[in-house]
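Structure at a glance
Chain by chain, the residues:
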Amino acid sequence: MSEEFDFDVAIVGAGPAGISAALTLAKAGIETVVLERGQYSGAKNVSGAALYGPILNELIPNYWEDENSFERYLTTKKITLLSESKSVTIDADLRNFNQVPYNGVTVIRPKFDRWLADKAEEAGAMILPDTMVEDLVWKDKQIIGVKSGEEVLKAKLVIIAEGANSILVEKAKLAKKPKPRHFALGMKETYKLPKKKMEERFHLDDKEGLSNEILGYSKGIPGGGFYYTNQDTVSFGLILNMGVLTKKKLKAPEVFEEFKEHSYIKKLLKDAEMIEYSAHIIPEGGFKHMPKLYGNGVLVVGDAAGMVLNAGLYIEGINFALESGKIAGEAAIEILQTNNYTKKQTRLYKKKLKESFAYKDLKTFKRASHFLENKMMFTYVPDLLTGLFEKLLRNNGYPRKRIVTSAIGYVFKKGKLFGLLKLLIGAVRSL
Amino acid sequence: MSKSNKPKTLEEKLDLTKITTDHNYAHIEINPEICKAKCTTYDCVYGCPADCYKFIEGEEAEGPVVFDYVACLECGTCRLVCPHGSVDWKYPKGGFGVEFKHS
């Protein structure tokens, strides 16, 4: 190929996946440019979960020494089931997660992504904010660059790190427009809550943090609420399966508001002042609905690659983004050495990715996304369990039965035994 | 902080989000003719987290839809849920649109 290239690698999107790739490439001395449509890295990004400390540490060794890198390290995880007027919470207090590199940390994306982007810049990558990539540049069947407005930027390899709503993946002919049932809408509010108040409310010491997943009370729509603590703000949101939401003809913002009416949520948000509202979509199709991850002159990473895991207890996105970005960077270094940027070489990325925890997790839980489409999980199960606790704990003057007898009796009375059995089998098979 | 008992309306919530509107470029456009000929489900109205899609004849009256991109949070829901391809969805030009600070 006698093409003149402006850069070795052009990366579209300066989120965790794109920056992780850029950092890896720049460290190896590869000429790398990152094109970011936002005013800065993270300006368009919304997250709903935690970052794995060990993964971040691999990318930025001793990241915790920099105060700006994260908000709080997680020592408390709560899982809550909600029904009409009740809730049951499992509260796992894991103080031994307070050791560096920390098991998980919370981050504020506009802050974290920018911090990470600075690291890539320091390593030598060029980051261009305010730059919207509208299209790809093709030569025959090979992608050889990107287009932003009138400008064309040629690169030997293009890495698409555009995020969940990836139009370029479709333009690169690596996927068709996804189905709504394989996506969720996440709405989120950030609240100001003074540090001292927060720490009192959740029994946290300085820098310790909590995250809470909340199931049920979402109008029977698969999904759930989340809540976690930052330095002096809390992030609260609701995730709803798009296909079911629209089929039920319920308006997303109204479902969110009604969810907030539950007394459990009200207590979480008490006296806190909302300072921002945001929304984002989340790929939830899992392993079976990922796009093709490579093509002639192109690799796909992060959310754009559908690399998000929803397995109930684990909801992963950023960690897979960091990992897939890093692997794409490593693969690109090798691909560039061959001077051949066709599928024949770019498939190396997938080969390497298959060895990663991210890909393996997605494979392990490949049945989970289908299982979590089961609406019983979001209505019947929270109702059943909260109701059962109520029955077991209510003092009504009658002599008590054995706990097991009461429990079995209650479950029988609630009916839907066949459905419950099917659900349990599904859980065993997929989780 | 004591006033926080009254829930914020969606409009008040959207006021908290910084959006730099590009008045010369609507990044999303709908095709009213396709909507009129094909749509019976109005998935855009139900899916949008920012209420950018509204029924012309009032909240409860399912029917023709009007769209305004100004409050758009750029999530992409409408692009995915529209079964008729009536939503021509592009990202705003570089530097325009939402700018999250705390998300």
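Parameters and conventions
- Residues numbered from 1 in each chain as written.
- Chains lettered and ligands numbered in written order.
- Predicted model: local features only at pLDDT ≥ 70, side-chain atom pairs only at ≥ 80, totals over all residues.
- Heavy atoms only, no water.
- Contact = heavy atoms within 4.5 Å.
- Buried area = accessible area lost by both parts, 1.4 Å probe.
- Salt bridge = Lys/Arg side-chain N within 4 Å of Asp/Glu carboxyl O.
- Polar contact = N/O pair within 3.5 Å; in protein donor to acceptor, adjacent residues only side chain to side chain.
- Helix = DSSP H or I, 4+ residues; strand = E, 2+ residues; numbered from the N terminus.
- Patch = residues over 30% accessible without salt bridge, like charges linked within 9 Å, V, L, I, M, F, W, Y side chains within 5 Å.
- Areas by Shrake-Rupley, 256 points an atom, 1.4 Å probe, with all protein chains shown as cover.
- Lys, Arg positive; Asp, Glu negative; His and termini not counted.
- Charge placed at Lys NZ, Arg CZ, Asp CG, Glu CD.
- Phe/Tyr/Trp six-rings, centres within 6.5 Å; stacked < 30°, edge-to-face > 60°.
- Lys NZ or Arg CZ within 6 Å of the ring centre and 35° of its normal.
- Buried < 20%, exposed > 50% of the residue type's maximum accessible area, 1.4 Å probe, protein only.
- Arc of directions from axis to C-beta.
- Core = buried A, V, L, I, M, F, W, Y, C linked by side-chain atoms within 4.5 Å.
- pLDDT = per-residue confidence, 0-100.
- Pairing = 2+ DSSP bridges.
- Right-handed = clockwise from strand over helix to strand, strands pointing away.

**Re the interface of chain B and chain A**
Counting residues at the interface gives 44 residues for chain B, matched by 54 residues for chain A. Contact with chain A buries surface across chain B, with Leu80, Tyr91 and Ser103 of chain B losing the most and accounting together for 18% of the total. Inspection of the chain B/chain A interface yields six salt bridges. The residue Glu74 of chain B makes a salt bridge to Lys44 of chain A at a minimum N-O spacing of 3.0 Å. The tally of links from chain B across to chain A stands at 28 residue pairs in polar contact (both at pLDDT 80 or more). Taken together, the elements giving at least two residues each to the side of chain B that touches chain A come down to helix 1 (10-16), helix 3 (43-47), helix 4 (77-81) and strand 6 (97-99) of chain B.

**Thoughts on a positive patch on the surface**
Judged by side-chain charge, Lys288, Lys354, Lys363, Lys366, Arg367 and Arg429 of chain A come together as a positively charged surface patch. Note on placement: Lys363 of chain A falls in helix 11 (residues 357-364).

**Observations regarding the side chain of Thr76 of chain A**
Relative to the elements of secondary structure, Thr76 of chain A occurs in strand 4 (residues 72-83). Contact partners of Thr76 of chain A, with chain neighbours within four places excluded, come to Asp91, Ala92, Asp93, Arg95, Leu204, Gly209, Leu210 and Ser211 of chain A.

**Re the packing of aromatic side chains**
The full count for this structure, using the stated rule, is 17 aromatic pairs over all chains. Ring geometry for Phe287 of chain A versus Tyr359 of chain A: centroids 5.3 Å apart, planes at 75°, classification edge-to-face. Here the residue Phe287 of chain A occupies a position in the loop between strand 15 (273-283) and strand 16 (294-295), and Tyr359 of chain A occupies one in helix 11, the gap between them amounting to 72 residues. Members of the aromatic cluster, joined through ring pairs, are Tyr63, Trp64, Phe70, Tyr73 and Tyr102 of chain A. A cation sits over an aromatic face here: Arg114 of chain A above Tyr40 of chain A, 3.8 Å from the ring centre. Above the plane of the ring of Tyr25 of chain B lies Lys93 of chain B, whose end atom (NZ or CZ) is 4.1 Å from the centre.

**Brief notes about helix 10 (residues 343-353) of chain A**
Think of an α-helix as turning once every 3.6 residues; residues three or four places apart then point the same way. All names here are of chain A. Turning to helix 10, its buried residues are Thr346, Leu348, Tyr349 and Leu353. Summarising the axial view, the buried residues of helix 10 lie within an arc of 135°, below the 170-degree limit, and thus occupy one face. Projecting away from the buried face of helix 10 at angles above 90 degrees are the exposed residues Lys344 and Lys351. Tucked inside the fold, the buried residues of helix 10 contact strand 10 (151-160), strand 16, strand 17 (298-300), helix 9 (318-337) and helix 11.

**Observations concerning the nonpolar core**
One finds Ile11, Leu56, Leu116, Ile159, Ile160 and Tyr349 of chain A to be the most contacted residues of the largest nonpolar core, which totals 82 residues. Per-element accounting of this core gives the leading share, eleven residues, to helix 9 of chain A. With sequence-adjacent residues up to four places away left out, Leu116 of chain A is seen in contact with Pro16, Ile19, Leu56, Leu59, Ile60 and Leu322 of chain A. Judged by nonpolar contacts, the second largest core, of 63 residues, contains Ile167, Ile214 and Leu245 of chain A together with Ile28 of chain B.

**Comments concerning the confidence of the model for chain B**
Scored by pLDDT, chain B has a mean of 94; 95% of the residues are at 70 or more. With a pTM of 0.95, the predicted complex shows an ipTM of 0.96.

**Digging into the pairing of strand 2 (residues 32-35) of chain A**
Residues and elements named next belong to chain A. A two-sided burial pattern is seen for strand 2, the buried positions comprising Thr32 and Val34 on one face and Val33 and Leu35 on the other. Pairing between strand 1 (residues 7-12) and strand 2: four bridges, direction parallel. For Ile11, the partnering residue across the bridge sits in strand 2 and is Val34. Regarding the hand of the β-α-β motif, the stretch spanning strand 1, helix 1 (residues 16-27) and strand 2 is right-handed. Sheet topology places strand 2 next to strand 7 (residues 126-128); three bridges connect them, and they run parallel. Counterpart to Val34 in the pairing with strand 7 is Ile127.

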